[in-house]
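Descriptive analysis of the structure
Now for the letters of each chain:
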Amino acid sequence: MSKLLTVRDLVVEVPERNMTIIGGISFSLEAGQTLGLVGESGCGKSMTCYAVADMLPRGIARTGGSIEFARDPLKSGKAADPTIAMIFQDPTSSLNPVHTIGYYLESALYRHQGLKGNDARLEAMRLLERVGIDRAKSRLRAYPHQFSGGMNQRVMIAHALAARPQLLIADEPTTALDVTMQAQILHLLEDLKAETGMGLIIVSHDLGIIARLADRAAVMYCGKIVETAPVADLLRRPAHPYARALIACMPSIDPADLEPPVTIPGSVPLPDSLPEGCHFHPRCSRASGECAARFPAPAMIGLVHEASCFHPVAA
Ligand SMILES: Nc1ncnc2c1ncn2[C@@H]1O[C@H](COP(=O)(O)OP(=O)(O)OP(=O)(O)O)[C@@H](O)[C@H]1O
Ligand SMILES: [Mg+2]
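Residues numbered from 1 in each chain as written. Chains lettered and ligands numbered in written order. Predicted model: local features only at pLDDT ≥ 70, side-chain atom pairs only at ≥ 80, totals over all residues. Heavy atoms only, no water.

**A short note on the packing of helix H3 (residues 101-113) against helix H4 (residues 117-130)**
The contact between H3 and H4 brings their axes to 9 Å, and the two run at 110 degrees. Accordingly, the angle class assigned to the pair H3 and H4 is roughly perpendicular. Like other packed secondary-structure pairs, H3 and H4 cross with a definite hand, here right-handed. Where H3 abuts H4, its residues Ile-101, Leu-105, Glu-106 and Leu-109 lie against Ala-120, Arg-121, Glu-123, Ala-124, Leu-127 and Leu-128. Taken together, the residues that form the contact of H3 with H4 break down as seven nonpolar, no polar and three charged. (Axes fitted to C-alpha atoms, helices over the stretch in contact; angles between N-to-C directions. Helix = DSSP H or I, 4+ residues; strand = E, 2+ residues; numbered from the N terminus. Parallel < 35°, antiparallel > 145°, perpendicular 65-115°, else oblique. Left-handed = near helix turned anticlockwise from the far one by under 90°. Contact = heavy atoms within 4.5 Å. Nonpolar A, V, L, I, M, F, W, Y, C, P; charged D, E, K, R; others polar.)

This is the structure we're talking about:
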């Protein structure tokens, strides 16, 4: 399989405040594969996505490292980079309320594929049908407020598909949806992956979603990747105490399991007050003096399983 994306030592900062948000992370993605990003709120999952998509908010900048895409040998300049599309957590607020769904899709089709008039309308209808929205012709005249959250997320996905992306970044695409809608959107993403062969980066707090969609997962904490492995391996044999704690937080749906989920003591420190050494050490039951002194370098703990910890949990 060919590499689609290689990120090396990515650093993202808020230069004005001299604050580091992403502290040097590396990962790669093969064409057609899915990488899951997990971690508590504020650990840098979205900023990683924005950096990859070159969409960092104003005042936040990539100040180090490299992001390399597999380039099309038949094209040159920016045109040789793969097309990237991104979908967000709250579809309804991501859509412009004054434009119809048709306007939204047709303008994307013009931008990305040069389609106009009837051709754009027909393709917009085809895209809506592809994402499971029926009566596509009349739906094109609807506004986002007339659609449910799940339908708007489908519209966002249709909009992303208009760009024929080789890489789709989905930042918590189902968090704002009820479980039925969640299941439908996940199913759609699975189908589209198989059908288009696109790479996918999916962010979710829900490890069940990551387990279902991702091939590999990366656990982030305070702007660092602390563990990465094939998803089944990570869920079965987490090595970093943080990854292990995160998995232990997952509530069980087994009615016989009466134990409450275990919480992680303390909270994620803010980027401007990160503890020295391993950022997780003040919350870690395995921490030693070494952990407070320096950040552990990533080490292989399996063939394709890596963790940044001086005291990884044995398999
Ligand atoms: N505009 C901003 N200016 C300064 N700091 C920011 C800004 N946006 C985010 N941050 C900080 O960057 C860090 C990473 O934020 P990010 O949004 O990537 O977290 P996340 O892992 O996506 O969290 P969540 O799960 O809540 O979406 C956080 O500490 C956050 O406070
Ligand atoms: Mg986020």
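**Here we look at H3**
Its 13 residues place the ends of H3 18 Å apart at the C-alpha level, agreeing with the 18 Å of an ideal helix rising 1.5 Å per residue. Listed in full, the buried residues belonging to H3 are Ile-101, Gly-102, Tyr-104, Leu-105, Glu-106, Ala-108 and Leu-109. Each element contacted by the buried residues of H3 is listed here: H4, helix H5 (136-139) and helix H6 (149-162). Phi turns positive, to about 70 degrees, at Gly-114, one or two residues after H3. (Expected span 1.5 Å × (residues − 1). Buried < 20%, exposed > 50% of the residue type's maximum accessible area, 1.4 Å probe, protein only.)

**Considerations on the sheet that holds strand E1 (residues 3-14)**
Read across the sheet, three strands follow the order E2-E1-E4 without closing on themselves; strand pairing throughout is antiparallel. Whereas interior strands pair on both sides, the edge strands pair on one side only; in this sheet they are strand E2 (19-30) and strand E4 (61-69). Taking each pair of neighbouring strands and ignoring which way they run, the sheet shows an average axis angle of 0 degrees. Pairing between E1 and E2: nine bridges, direction antiparallel. Looking at the pairing, Glu-13 lines up with Thr-20 of E2. The strands touched by helix H1 (residues 45-52) within the sheet are E1, E2 and E4, with E2 carrying the most contacts at an inclination of about 65 degrees. (Pairing = 2+ DSSP bridges.)

**A short note on the domain arrangement of the protein**
Split by domain assignment, the protein resolves into domain 1 (1-73 + 168-252 + 298-315) and domain 2 (92-165). Relative to domain 2, the C-alpha centre of domain 1 lies at a distance of 28 Å. Each partner contributes residues to the interface: domain 1 has twelve residues there, and domain 2 has eleven residues. With both chains or domains summed, domain 1 and domain 2 bury close to 1000 Å², and 70% of this area falls on carbon and sulfur atoms. The three residues of domain 1 that bury the most area against domain 2 are Ile-185, Leu-188 and Leu-192, which together make up 39% of that side's buried surface. Close ionic contact of Arg-130 with Glu-195 constitutes a salt bridge, the shortest N to O distance being 2.7 Å. Tallied by class, the residues present in the side of domain 1 that touches domain 2 amount to nine nonpolar, one polar and two charged. (Domains from an automatic or database assignment. Buried area = accessible area lost by both parts, 1.4 Å probe. Salt bridge = Lys/Arg side-chain N within 4 Å of Asp/Glu carboxyl O.)

**Overview of the packing of aromatic side chains**
Taken as a whole and judged by the stated rule, the model has four aromatic pairs. Taking 4.5 Å as the distance between ring centres and 50 degrees as the angle between the ring planes, the aromatic pair formed by Tyr-221 and Tyr-242 counts as tilted. Linking Tyr-221 in strand E8 (residues 216-221) with Tyr-242 in helix H10 (residues 241-248), this pair joins segments that are 21 residues apart in sequence. Assigned by exposure class, Tyr-221 and Tyr-242 land together as buried. One aromatic cluster is present, formed by Tyr-221, Tyr-242 and Phe-280 through successive ring pairs. A cation sits over an aromatic face here: Lys-224 above Phe-295, 4.6 Å from the ring centre. (Phe/Tyr/Trp six-rings, centres within 6.5 Å; stacked < 30°, edge-to-face > 60°. Lys NZ or Arg CZ within 6 Å of the ring centre and 35° of its normal.)

**A look at the side chain of Glu-123**
With respect to the helices, strands and loops of the structure, Glu-123 is situated in helix H4. The contact partners of Glu-123, leaving out residues within four places of it in the chain, are Leu-109 and Leu-115.

**Concerning the environment of His-187**
Examined against the element boundaries, His-187 turns out to sit in helix H7 (residues 179-196). Taking the C-alpha atoms as reference points, His-187 and Leu-213, 26 residues apart in sequence, are found 9.2 Å from one another.

**Things to note about the pattern of salt bridges**
Inspection of the entire model under this criterion finds eleven salt bridges. Linking Asp-272 and Arg-17 is a salt bridge whose minimum nitrogen-to-oxygen distance equals 4.0 Å. Of this pair, Asp-272 sits in the loop between H10 and helix H11 (289-293) while Arg-17 sits in the loop between E1 and E2; the two residues are 255 residues apart in sequence, bridging distant segments of the chain. The same class applies to Asp-272 as to Arg-17, namely exposed.

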